[in-house]
Amino acid sequence: MATLWIREYRRLGVDESKREMPVPSEPGVADQTVTFTTAMQSSAFDAATRYIRVIGSAAFHYAVGTNPTATTSSLKWPSDMPLDIEVPSGNKISVIAAS
């Protein structure tokens, strides 16, 4: 079994000129973990969440939505590489192990 770590964020970071930077602003809103081999879903994202960062211990395919189901046709992401995604609050992420 593999693990997906999820950190939820409210906003992106800003530089000295108050311009948004392509990095999430810590601290995060919430953290979740999902253990997966077959398709599994996270819990719904917090109402304040606008972005998530996910890292998987194994390569995975993912889908985001209100009731998503990842398949091996969904976008694939390699293991141990952070992935930042803008998401609607209340949505979930579904992951399945990549072969």
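Reference entry: report on the structure contained in this document. Just so you know, these numbers come straight off a predicted model, no measurement behind them.

1. With respect to the nonpolar core
Core analysis: the biggest nonpolar cluster contains 15 residues, and Leu4, Ile6, Ile52, Val54, Ile93 and Val95 have the highest contact counts within it. Ranked by residue count, the leading element in this core is strand E1 (residues 2-9), at three residues. Excluding residues that lie within four positions of it along the chain, Ile6 makes contacts with Ala30, Asp31, Gln32, Val34, Ser42, Phe45, Ile52, Arg53, Val54 and Ile93.

2. Some words on the environment of Tyr9
Positionally, Tyr9 belongs in strand E1. Residues contacting Tyr9, with those up to four places away along its chain left out, are Pro24, Ser25, Glu26, Gly28, Val29, Ala48, Thr49, Arg50, Tyr51 and Arg53.

3. Quick notes on the packing of aromatic side chains
On inspection of all chains with the given rule, the structure shows two aromatic pairs. Where Phe36 meets Phe60, the ring centres are 6.3 Å apart and the plane angle is 80 degrees; that geometry is what we call edge-to-face. With Phe36 in strand E4 (residues 30-36) and Phe60 in strand E7 (residues 60-65), this pair connects stretches of sequence that are 24 residues apart. Overall, Phe36 belongs to the buried group, its relative accessible area being 1%. Relative accessible area serves as the criterion here: at 0%, Phe60 is assigned to the buried category. Site record: aromatic cluster; members linked through ring pairs are Phe36, Phe60 and Tyr62.

4. So, the pattern of salt bridges
Taken as a whole and judged by the stated rule, the model has four salt bridges. Close ionic contact of Arg7 with Asp31 constitutes a salt bridge, the shortest N to O distance being 2.7 Å. Remark: Asp31 occurs in strand E4 and Arg7 occurs in strand E1; sequence separation between them is 24 residues. With a relative accessible area of 30%, Arg7 lands in the partly exposed category. As a salt-bridge pair, Asp84 and Arg53 come within 2.7 Å of each other at their nearest N and O atoms. With Asp84 in strand E9 (residues 83-86) and Arg53 in strand E6 (residues 51-56), the pair connects residues that are 31 residues apart, well separated along the chain. Looking at Asp84, the relative accessible area reads 40%, which means it is partly exposed. Connected via shared salt-bridge partners are Arg7, Glu26 and Asp31.

The rules behind these values
Residues numbered from 1 in each chain as written. Predicted model: local features only at pLDDT ≥ 70, side-chain atom pairs only at ≥ 80, totals over all residues. Heavy atoms only, no water. Core = buried A, V, L, I, M, F, W, Y, C linked by side-chain atoms within 4.5 Å. Buried < 20%, exposed > 50% of the residue type's maximum accessible area, 1.4 Å probe, protein only. Helix = DSSP H or I, 4+ residues; strand = E, 2+ residues; numbered from the N terminus. Contact = heavy atoms within 4.5 Å. Phe/Tyr/Trp six-rings, centres within 6.5 Å; stacked < 30°, edge-to-face > 60°. Salt bridge = Lys/Arg side-chain N within 4 Å of Asp/Glu carboxyl O.

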